[in-house]
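So you can see what is in the structure, the chains are spelled out below.
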Amino acid sequence: MTVRFKEDSNHLTLYTKESSYQMQIDDHGVLLHTWYGAKIDDRASHLIELRDRGFSSNPPDLVPDRTYSLDFLPQEIACLGNGDLRDFALDVAWENGTHALDLRVVNYSWEDKAPDWGVLPHFWSDKDHTLCITLKDREKDLYVHLYYTVYYEYDLITRSLSVENRTDETIVLHKAASASVDFPTQDWTLLHFAGRHNKERARQDYEVQQGRFKIYSSRGVSSHQHNPTVILKGPDATEDFGPCYGFALVYSGGFDITCEGDQYGQTRLVMGLDSQNFSWPLEPCQSFQTPELAMTYSGQGMGKMSRDFHKAVREHLIRSPWQNRPRPIVVNNWEATYFDFTGEKLLEIVDVAREIGLDMFVLDDGWFGARDWDDRALGDWQVNEKKLGMPLRDLVKEVNKRGLEFGLWVEPEMINKDSDLFRAHPDWALTVPGRQPLSSREQLILDITNPEARRHVTDEILKVMAEAENVRYVKWDMNRSVLDTYLAGADRKSQGMYRHLYVLAMYEMTQTLLDAYPDLLLEGCSGGGGRFDLGMLYFVPQIWTSDNTDASDRVEIQYGTSFFYPPSAISAHVSAVPNHQNHRTTPLKSRGIVAYQGSFGYELDLTRLSEEEIAEMKDQVKTYRGLAELVLQGDYYRLTNPFSGEAYTAWSTVDPAGKKAILSVYYHDLKSNYPNPILRFKGLLANSLYELSLDGQVLGKFLGQTLMEVGFRSAYPEENYQAFLYQVTLCE
Ligand code: DGJ
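Residues numbered from 1 in each chain as written. Predicted model: local features only at pLDDT ≥ 70, side-chain atom pairs only at ≥ 80, totals over all residues. Heavy atoms only, no water.

### With respect to the overall build of the protein
Our working definition: Under the scheme used here, helices are H or I runs from DSSP no shorter than 4 residues and strands are E runs no shorter than 2 residues, and both carry numbers assigned from the N terminus. Computation of the radius of gyration draws on C-alpha atoms alone. For the globule rule, the value is 2.2 Å times the number of residues to the power 0.38. For every residue, the accessible area (1.4 Å probe, protein chains only) is compared with the maximum for its type, and the residue is labelled buried under 20%, exposed over 50%, or partly exposed between those bounds. Contacts between residues were defined by any pair of non-hydrogen atoms, one from each residue, lying within 4.5 Å. Only the protein chains shown count as cover for residues, and the accessible areas themselves come from Shrake-Rupley with a 1.4 Å probe. Two residue types count as positive, namely Lys and Arg, and two as negative, namely Asp and Glu; His and chain ends fall outside the count. Every charge is mapped onto a representative atom, which is NZ of Lys, CZ of Arg, CG of Asp or CD of Glu.
A count of helical and extended segments in the protein gives 13 helices and 38 strands. Here the protein has a C-alpha radius of gyration of 27 Å; the compact-globule value for 732 residues is 27 Å, and the two agree. Each of the three principal axes of the protein carries a C-alpha extent, and together these read 85 × 70 × 45 Å. The buried share of the protein, taken over its 732 residues, is 63%. Here the analysis covers contacts within the protein between residues at least 6 apart in sequence; of these, 68% occur between residues at least 24 apart. Taken as a whole, the protein presents about 27,000 Å² of accessible surface, with 48% of it coming from carbon and sulfur. The average position of the 74 basic charges and that of the 106 acidic charges among the side chains of the protein differ by 2 Å.

Dropping the structure here:
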C-alpha cells in the first residue's frame, strides 16, 4: 500500500510520490518542522541545533535551559508572542490587548478525505488523506487546528488552519495566515510574478538574504500587481533540474507573502490573507478558517513543478463540467465595437463568425441600462432593447439561428453613481461614513456583504438570463480595487472583517449563478488578469488572462501565468492590428500561434477583415480544433524565458502518452545576422520515431531522442514578430 503518512517516535511524515514533509512533536509539545523536500525514509531532526545564543529568549517552562529558543528553531506554525521574532502566521490579541501565543500539540488524527470548507475554495477529493494536528495555547483554551491534505500522485500538499476560541473572552485575530514554512538554508531564489494592468505576472527573481521581502495585494483582489504564488528555487535549479517548491494560495482577495532570511542562514515563508486590512474578532465558541495554501516540491526543476500544479488544478480544483470539454471558439465584441453597437452590427459580426466557423458570440459590456460609456449604469441589469433594436432573447435566437452559441458579459460587484440602482439605493455603494468614496473608472463597489444588495443584483442577472433563454457562457468582470471598506452596523473591532467577507460574498454570488446554471461556461475576468488565482478557478474553468492582447506582450504574460495555471485556464484571443493596447502590428499567423496556447478565441471586428484574413482565420480555426485537446489537457513545457534577452521564446505541449506534440516559437526581438536557433522538444518517447512537420509540410522523421537531445533548426523569420508552429506525430 502507498504510504502517505507515518508516525515514528514523535515524527509525523507526509509522503507524496516524490516528496516528504516532516514534523516533530518535541519533548515540550512544540511542533517543529524538520523537513520538506525529496522523499526520505528517515527522520531529519538531526539538523535541529540547540545552542545558547545571545538575545534569543527561552520559553518560561524550560528555564534554566538556555539552549532552547523559538527564535531560531524551525516552527511548523509561527506565532507572534512566543520569543520567535521572525515573521509569523498567527497574531492573536487577548481581551486585555496583549498579543501572545504559545502553542503546544494536543493530538492529531489522520482521515481519509480532503476537508470541505464550504464556499471557501479548496482542492477536493474523496480519496486523498488529511492530517489534522491540534495545538493549544499553553495558558488559555485557544486551539489551532492545522490541516494537511496529501494529493499523492501530484506531489501536492494543501495546508490551512483554523483557530477555535474555547476561552470565555473575545479575542481578535490580527493575522491568520494559511501557513508558515521554514527551511534550514538561505541559498534560495524566490520567483514571484509581478506587474500591472496590461502587464500581468512578469517573472521576477529575488535572491533570499537576511531581511524580510514582501509581496502583497491590499486591493481586495489578488491583483494585477502581484500574484498569490511564489517559487523557491534551489541555487542551480532550472526548468528541468534541481529542487524547487511552488506555493499558491487558493484565494481571490488581498494577500501577504513574506519571505524572510533570518540571522542564522535559514528561510521562512509565510503566506495568507492580507493582514494589513484584517482583524477578526472571535467570540467564545467561534472559529476562523483560513484559505488553503497549495504547495509542491519538485526535485526535477520548475517544469515538473508546473505540470504537477496543472494536473492537480485540472483534476482536483476546477469543478466546472467544462474542465474536460473542448472550449467553444468565441468571438467577443469588446475590441470590435466597445460601447458603440446595435443588434444589427453584432449580427453582421456573427455572420462572418459563422463563415469562419466559430462556435460562440460573446456580447461584452454595454448591453444594459444607459451603458453607452464606462462611467454609467453599472447596477442597472436591464437589457437596453432600444440599443439592440430587439429583446435580448431575439438577439440570442438570431445568433443561434446562425449556428453560434451566445455568451454575455456582466460586472455584478459594481455600481455607478450615474445609475438607477444608485439613485434608489445610494447606501449600497461601499462608503466610509462621513467620507466620499474613492472613484475608479468612475465606478464604486457595490456592498455585496449586504445580503439585500447581493441578492438584488444576482436576481436581476438571473432574470436577464432566464429571459434570454439560451445564454451558455458568462464573462464575470470586476474593474476596480475594493477600497473604502465599512462593515455597516458592525462595531470598531469588526471593521477589519470586511475584505474577507467581501470575497466570501463574491464566491457565494458566483456559486448562486452556477447553481442556477450548472452547465454554464463561466469565465473570470478583472480588467483582464487582476483576479487570476486558484480561488477563482474553483468556480470558473478559465480566466481572461489580460486586457493586453498584443502577441509579443502576451508571450510574456502567458509565460508567467504558466508557472501555476494550466493552459486550459488561460483565455487567449486574436485581436486586431495595430494592437489597441500598444499599437504594435504583428502577423495574423503569429497572433494565432500565441493564442493557441490557451482557450482560444477572437476579439476584433470581423466585418472589417479582408478575404485573405477570413481565409486565414478559417485555417486557424481548423488548426486549433485539431490541437485543442492536446493544448487543454497536455503536458506543458516552457522551453525558453522571454525575459532572458533572447530573440525568441519557445514553448511546447506534449500529449501525456507521448503520441504527438507541438512546439511554438515566437520571434519578439529579431537580431541582425541571427543564427537559426536550435529547438528541442521535451517529454517525447526517446526510442520512438516521429514525423516532424511545419505548416503541414513534412520536414523529416526523427527519433524522439534526436528531437529532444540534438534538436532541429528553427525556420528563419523574414520579419520580426513571426511565429512558427511545429508538430510531431508518432509514426505508426
Ligand atoms: C475589462 C475587461 O477585461 C475587458 O475585456 C472588457 O470586458 C471590459 N472590462 C468591459 O468594460
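### Describing the pairing of strand S29 (residues 570-575)
Here is the rule we go by: Handedness is read with the strands pointing away from the viewer; a crossover is right-handed when the path from the first strand over the helix to the second is clockwise. DSSP calls a pair of strands paired once it identifies at least 2 bridges connecting them.
Summarising burial for S29: six of the six residues are buried, a large majority. Along S29, one buried face is formed by Ile570, Ala572 and Val574 and the opposite face, lined by Ser571, His573 and Ser575, is buried too. Between the parallel pair strand S28 (residues 542-544) and S29, the chain is carried across by helix H10 (residues 551-561), and the sense of this crossover is right-handed. In terms of strand pairing, S29 meets strand S30 (residues 599-603) through five bridges, oriented parallel. Paired with Ser571 across the strands is Ser599, a residue of S30. Read as a crossover between parallel neighbours, the route from S29 over helix H11 (residues 588-595) to S30 is right-handed.

### Some points on the packing of aromatic side chains
Basically, it comes down to this: Two aromatic rings from Phe, Tyr or Trp, using only the six-membered ring of Trp, form a pair when their centres are within 6.5 Å; if the ring planes differ by under 30 degrees the pair is stacked, by over 60 it is edge-to-face, and anything between is tilted.
Inspection of every chain in the model, using the stated rule, returns 45 aromatic pairs. Between Tyr206 and Phe213, the aromatic rings sit 3.8 Å apart at their centres with planes inclined by 10 degrees, giving stacked as the arrangement. Tyr206 sits in the buried class, given a relative accessible area of 16%. Ring geometry for Phe532 versus Tyr565: centroids 4.9 Å apart, planes at 55 degrees, classification tilted. Residue Phe532 is located in the loop between strand S27 (521-524) and helix H9 (534-537), and its partner Tyr565 is located in the loop between H10 and S29; the two are separated by 33 residues in the primary sequence. Tyr565 matches Phe532 in its accessibility class, with the two residues each being buried. Grouped by ring-pair contacts, the aromatic residues Tyr21, Tyr36, Tyr148, Phe183, Trp188, Tyr245, Phe247 and Tyr297 constitute a single cluster.

### Concerning helix H3 (residues 343-356)
The line we're drawing: By this rule, a helix spans an expected 1.5 Å times one less than how many residues it contains.
With 14 residues, H3 extends 20 Å between its outermost C-alpha atoms, agreeing within 8% with the 20 Å of an ideal straight helix rising 1.5 Å per residue. Every buried residue of H3 is accounted for by Gly343, Leu346, Leu347, Ile349, Val350, Val352, Ala353 and Ile356. Here the buried face of H3 lies against strand S21 (330-332), helix H2 (334-337), strand S22 (360-363), helix H4 (385-388), helix H5 (392-401) and helix H12 (611-633). Phi for Gly357, located one or two positions after H3, is positive at around 100 degrees.

### Some points on the nonpolar core
A general feature of soluble globular proteins is that nonpolar side chains tend to end up buried together. Note the cut-off: The set of buried Ala, Val, Leu, Ile, Met, Phe, Trp, Tyr and Cys residues whose side-chain atoms join them within 4.5 Å is what this entry labels a nonpolar core.
The biggest cluster of nonpolar side chains holds 195 residues, and the ones touching the most others in it are Leu363, Leu534 and Leu606. Not counting the four nearest positions on each side in its chain, Leu534 is found in contact with Phe123, Ala248, Leu249, Val250, Ala294, Phe309, Val313, Leu317 and Tyr565. Counting 22 residues, the second-largest nonpolar core is a separate cluster that includes Tyr674, Leu684, Leu694 and Phe724.

### Some thoughts on empty space enclosed by the protein
Where we set the bar: Buriedness for pockets is judged along seven lines, at least five of which must meet protein on both sides within 12 Å for an open set on the 1 Å grid over protein atoms alone, while cavities are sets there where a 1.4 Å probe fits but cannot get out, and lining residues have an atom within 4 Å of a point. Grid points are joined across faces, edges and corners, and a volume is the space filled by probe spheres set on the points. Classification convention: Asp, Glu, Lys, Arg as charged; Ala, Val, Leu, Ile, Met, Phe, Trp, Tyr, Cys, Pro as nonpolar; all other residues, Gly among them, as polar. Annotation comment: domain bounds sourced from an automatic or database domain assignment.
One pass over the full model with this rule turns up seven cavities of 30 Å³ or more. For the largest cavity, the calculated volume is near 100 Å³. If you trace the largest cavity, you find it lined by Gly220, Tyr251, Gly253, Gly254, Leu273, Asp274, Asn277, Phe278, Gly496, Arg499, His500 and Val503. Among the elements that make up the lining of the largest cavity, the one with the highest residue count is helix H8 (residues 498-516) (three residues). Across the lining of the largest cavity, the residue classes tally to four nonpolar, six polar and two charged. Residue assignment places the lining of the largest cavity across two domains, with domain 1 (3-316) and domain 2 (330-631) each supplying three or more. Of the pockets and cavities examined, the second largest cavity occupies roughly 70 Å³. Val30, Leu31, Leu70, Gln75, Ile77, Cys79, Asn82, Asp102, Leu103 and Leu135 together form the lining of the second largest cavity. Tallied by class, the residues present in the lining of the second largest cavity amount to seven nonpolar, two polar and one charged.

### Remarks on the layout of surface pockets
Empty space among the atoms becomes apparent when a probe as large as a water molecule is rolled across them. One number sums up the size of the largest pocket: a volume of about 540 Å³. Along its surface, the largest pocket is lined by 33 residues, and His197, Asn479, Gly527, Gly528 and Asp547 are the ones closest to its centre. Classifying every residue of the lining of the largest pocket by side-chain character gives eight nonpolar, 15 polar and ten charged. Per-domain counts for the lining of the largest pocket show at least three residues from each of domain 1 (3-316) and domain 2 (330-631).

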